[in-house]
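Spelled out, the chains give:
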Amino acid sequence: MRNQKPETRNQKILLSGNEAIAKGAIDAGCRFYAGYPITPQNEIIAYMAQHMPEAGGVFIQSESELAAINMVFGALASGARAMTSSSSPGISLMQEGISYIAAAELPAVIINIMRAGPGLGNIWPAQSDYFQAVKSGGHGDYHCLVFAPASVQEAYDLTVLSFELADKYRIPVIILGDGMLGQMMEPVTAEAAEKPQRPQKKIWAATGCKGRKPNVVKSFYLNMGELEQFNLKLQEKYQDIRHREQRYETFNTDDAEIILVAYGMMARLAKKAVESLREKGHKVGLLRPISLWPYPADILKEIISRQPSVRFLVVEMSYGQMLEDVQLTVNGRVKVDFLGRSGGGVPSEEEIINRVRRIAG
Amino acid sequence: MKKIFSRTESLCEADTHYCSGCGHGLVHRLVAEAIDELGIREATIGITPVGCAVVAYNYWNFDCVESPHGRCLAIATAIKRLQPQQIVFTYQGDGDLAAIGTAETVHAANRGENLTVIFINNAVYGMTGGQMAPTTLIGQKTATSPEGRNAKNDGLPLKISEMLAGLAGVYSIERVSTDSPKEIFKTKQAIKSAFKNQMENKGFSLVEILSACPTYLGLSPLESMDWIRNTMSKEFPLGKIK
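Residues numbered from 1 in each chain as written. Chains lettered and ligands numbered in written order. Predicted model: local features only at pLDDT ≥ 70, side-chain atom pairs only at ≥ 80, totals over all residues. Heavy atoms only, no water.

Student: How should I be thinking about the environment of Ile87 of chain B in this particular structure?
Tutor: All names here are of chain B. Topologically, Ile87 is positioned in strand β3 (residues 87-93). With relative accessibility at 5%, the residue Ile87 sits in the buried group. C-alpha of Ile87 to C-alpha of Gly139: the two residues are 52 residues apart in sequence and 40 Å apart in space. (Helix = DSSP H or I, 4+ residues; strand = E, 2+ residues; numbered from the N terminus. Buried < 20%, exposed > 50% of the residue type's maximum accessible area, 1.4 Å probe, protein only.)

Student: I'm lost on helix α1 (residues 23-38) of chain B in this one. Help?
Tutor: Count 3.6 residues to each turn of an α-helix, and residues three or four apart come out pointing the same way. Residue and element names in this part refer to chain B. An ideal rise of 1.5 Å per residue puts 22 Å on 16 residues; α1 measures up with 23 Å between its terminal C-alpha atoms. Along α1, the residues that are buried comprise Gly23, His24, Val27, His28, Leu30, Val31, Ala32, Glu33, Ala34, Ile35 and Leu38. Positioned one or two residues after α1, Gly39 has a phi angle of 70°, which is positive. (Expected span 1.5 Å × (residues − 1).)

Student: Help me understand the pairing of strand β13 (residues 284-289) of chain A in this model?
Tutor: Regular strands show a simple pattern: their side chains alternate between the two faces of the sheet. All names here are of chain A. Of all the six residues making up β13, six are buried; the element is thus mostly covered by neighbouring parts of the structure. Residues of β13 alternate between two faces, with Val284, Leu286 and Arg288 on one and Gly285, Leu287 and Pro289 on the opposite face, all of them buried. The pairing of strand β11 (residues 248-251) with β13 spans four bridges and is antiparallel. The partner of Glu249 across the bridge, within β13, is Arg288. As judged from the four bridges shared by strand β12 (residues 258-261) and β13, these two strands associate in the parallel manner. Looking at β13, one finds that Ile259 is bridged to Gly285. What joins β12 to β13 is helix α12 (residues 264-279), and the crossover it makes is right-handed. (Pairing = 2+ DSSP bridges. Right-handed = clockwise from strand over helix to strand, strands pointing away.)

Student: Just checking my understanding: could you explain the layout of surface pockets for this structure?
Tutor: Gaps left between atoms are located by rolling a probe of water-molecule size over the structure's atoms. Put simply, the largest pocket is a space of about 650 Å³. Lining the largest pocket are 39 residues, and of these Gly51, Cys52, Ala53, Val54 and Met127 of chain B lie nearest its centre. Broken down by secondary-structure element, the contributors of at least two residues to the lining of the largest pocket are β3, α3 (94-100), β5 (124-125) and α8 (214-217) of chain B. Tallied by class, residues from the lining of the largest pocket come to 22 nonpolar, 13 polar and four charged. Each pocket or cavity is described by its volume, and for the second largest pocket that value is around 390 Å³. As for the second largest pocket, its lining consists of 19 residues, of which Ser99, Ala103, His139, Ser219 and Leu227 of chain A are closest to the centre. Elements that contribute at least two residues to the lining of the second largest pocket include exactly α6 (95-103) and α11 (226-244) of chain A. (1 Å grid on protein atoms, 1.4 Å probe; cavity = no way out; pocket = protein on both sides within 12 Å on 5 of 7 lines; lining within 4 Å. Points joined across faces, edges and corners; volume = space filled by probe spheres on them. Nonpolar A, V, L, I, M, F, W, Y, C, P; charged D, E, K, R; others polar.)

Student: Whenever I open this one, empty space enclosed by the protein confuses me. Can you help?
Tutor: Residues and elements named next belong to chain B. Going through the model one piece at a time under the given rule, you end up with one cavity of 30 Å³ or more. Taken as a whole, the largest cavity holds about 30 Å³ of empty space. Around the largest cavity, the lining residues are Ser172, Ile173, Glu174, Ala190, Ser193, Ala194, Asn197, Leu206, Val207 and Lys240. If you list the elements that add at least two residues to the lining of the largest cavity, you get β7 (170-177), α7 (181-199) and β8 (204-210). Here the element with the most residues in the lining of the largest cavity is α7; it accounts for four residues. Residues that form the lining of the largest cavity fall into these classes: five nonpolar, three polar and two charged.

Student: Looking at this model, I keep getting lost on the interface of chain B and chain A. Mind explaining?
Tutor: How big an interface is tends to be stated in terms of the accessible area lost upon association of its parts. At the junction of the two partners, chain B supplies 31 residues and chain A supplies 35 residues. Of the roughly 2,500 Å² buried where chain B meets chain A, counting both sides, 62% is carbon and sulfur surface. Across the contact surface, chain B and chain A share four salt bridges. Measuring nitrogen to oxygen at the nearest pair gives 3.0 Å for the salt bridge that ties Glu63 of chain A to Arg111 of chain B. Summed over the shared surface of chain B and chain A, the number is 15 residue pairs in polar contact (both at pLDDT 80 or more). Elements represented by at least two residues in the side of chain B that touches chain A include exactly β1 (44-48), β2 (63-66), α2 (72-82) and α4 (102-110) of chain B. It is α2 of chain B that provides the largest number of residues to the side of chain B that touches chain A, a total of seven residues. Split by residue class, the side of chain B that touches chain A holds 16 nonpolar, seven polar and eight charged. Here two bridges tie strand β10 (residues 216-217) of chain A to β2 of chain B, and the two strands are oriented parallel to one another. Across the sheet, residue Val216 of chain A finds its bridge partner in β2 of chain B, namely Cys64 of chain B. (Contact = heavy atoms within 4.5 Å. Buried area = accessible area lost by both parts, 1.4 Å probe. Salt bridge = Lys/Arg side-chain N within 4 Å of Asp/Glu carboxyl O. Polar contact = N/O pair within 3.5 Å; in protein donor to acceptor, adjacent residues only side chain to side chain.)

Student: Explanation requested: the environment of Gly29 of chain A in the structure shown.
Tutor: Residues and elements named next belong to chain A. With respect to the helices and strands, Gly29 occurs in the loop between α2 (17-27) and β2 (32-35). The exposure class of Gly29 is buried, given its relative accessible area of 11%. With residues near it in sequence (within four places) discarded, Gly29 still touches Arg81 and Gln197.

Student: Would you explain the packing of helix α4 (residues 65-77) of chain A against α2 of chain B in this entry?
Tutor: To describe two helices that pack against each other, one gives the angle between their axes and the distance between the axes. Two elements in contact, α4 of chain A and α2 of chain B, have axes whose closest approach is 7 Å; the angle formed by their N-to-C orientations is 45°. Considering the angle they form, α4 of chain A stands oblique to α2 of chain B. Seen along the crossing, α4 of chain A lies across α2 of chain B with a hand that is right-handed. Across from Ala67, Asn70, Met71, Phe73, Gly74 and Ala75 of chain A in α4 of chain A, the residues of α2 of chain B making contact are Ala74, Ile75, Thr77, Ala78, Ile79 and Leu82 of chain B. When its residues are assigned to classes, the contact of α4 of chain A with α2 of chain B shows nine nonpolar, three polar and no charged. (Axes fitted to C-alpha atoms, helices over the stretch in contact; angles between N-to-C directions. Parallel < 35°, antiparallel > 145°, perpendicular 65-115°, else oblique. Left-handed = near helix turned anticlockwise from the far one by under 90°.)

Student: Help me out: how do you make sense of the side chain of Thr135 of chain B in this one?
Tutor: Tracing the backbone through its elements, the reader meets Thr135 of chain B in the loop between β6 (131-132) and α5 (151-154). A polar side-chain atom of Thr135 of chain B sits 3.4 Å from a polar atom in the side chain of Asp94 of chain B.

Student: In this structure, what is going on with the sheet that holds β2 of chain B? I would like to understand it.
Tutor: Strands in a sheet are paired, the pairing made by backbone hydrogen bonds, and the direction either parallel or antiparallel. The strand order across the open sheet built from eight strands is β10(A)-β2(B)-β1(B)-β3(B)-β4(B)-β8(B)-β7(B)-β9(B), with neighbouring strands paired in mixed fashion. With partners counted over all chains shown, the strands left at the sheet margins are β10 of chain A together with β9 (239-240) of chain B, one partner each. As defined by bridge partners, β7 of chain B adjoins β8 of chain B across seven bridges and the pair is classed as parallel. Among the inter-strand pairings, Val176 of chain B is bridged to a residue of β8 of chain B, identified as Ile209 of chain B. Where α2 of chain B meets the sheet, its contacts fall on β1, β2, β3, β4 (116-121) and β8 of chain B, and the angle it forms with β3 of chain B comes to roughly 180°.

So this is what it looks like as structure tokens:
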């Protein structure tokens, strides 16, 4: 009892991926949430409805995802840390707002707990919104930072990090999870809760012009040349982010002849396959991109220059979306194979093992 | 000597981009004067729409946020909830408020958000080149109703103010006009009162302003005034709706 504080600090709490994201947001100083219910991310909106008012923030169940993302736009323009969450069809509706947020250089955090598509699809896990998240799903030349957690702890940690980086770069950040991550429960150490975030005051926010010149939050550049200048400024920012924010995890890649490339929950299954294959003497490894934009291209290039005979096997819950970024990076220098299922199907450990064996000959 | 008139502080020195006879410049000024007279310039945050008035912030001397088309009231909702002590208003055209943004408008009103809405109804889409608006009159010719608006194909002019008046969350709705000095004076009073309502936490207040778009009505500025007085206000009667 005497030493209770450190115990509290190390204490783990059992949370679902969805709850961990919502808690991570509040712990990171998020004080505005607007959202519209959609499966499989409803635990986020329910958590926010209960805990956001307790944290002194604003919770609104909006009339649509369009309204949700635009409420977040307003909250960000006010200078607050703000978030919305949805799942694939709802994120499609938010693309207009995300484009405007990117253009107004507002620091949004957007959670997509992906379900299977296209269309209404179904509520099973999928990774088929990769293109939409990573290649900028809305109109115009812009990017969002995109992170893909592979555990509930990482979902919490990356949410906290997302708020920091959103503010740092004034850019929308997307957490790309899937229904499996959202629903499963794991123990979490909520470190950010112990050191509450105090976001810096945003001098550009629309807060009333007392004692200063008026601020305008906007994305319209009508005069000839103005928009091109602005877009070049955005591109410089994106280049900076490409250099600084590539994140990944490698597992048994040093001597690997075949390296699996998988992200999010798919990487958990791929890791199991690597472990089983290693036990049987196969030189197999795993590269798990954590940041999907910027894509961790540097480590791929490094691996190729170190091991010119390496082969990659990209495994996805889609029919080959991240695959294109691997191919682009590899640029024909080594062989790239693909294993993917989509529509609710998940490549199993056994399917991965069989494919690796076939490639290994 | 007593000073009886001075520059409106809430307006910037800027050349107008509006066409001659357009109602926007006039209403911008009325909004600015109301804000000055209430002493709230430094506390005000305006939300500008997509449409001809998108760059209203080039004329206004207070904080502004430019909204995607139709989403002004979603944005305003968040700003007011986070900064309840500030004065938040939206400035929206008929397409913005009553077509693409209908859902955002209805739900902000239904939630009873403590906001002020300046709604410019000029019965036509100006910025895109004179297409049919939700408020275009039956028989009115536009780029997308070349034979005149036809109820069977296009529906009837949407009376969104009357619709909104039926919602319990709405505190005040008034329809005014800009067709004469007398009506312009009334418009200013209505705008001022809609801001006062917010200052007194009374809730959602909307002022619908019948305004001229001579360019796309195909009329001179003076004829446009006559058209508002004699034709448009028959379909959209002036006065306090709620």
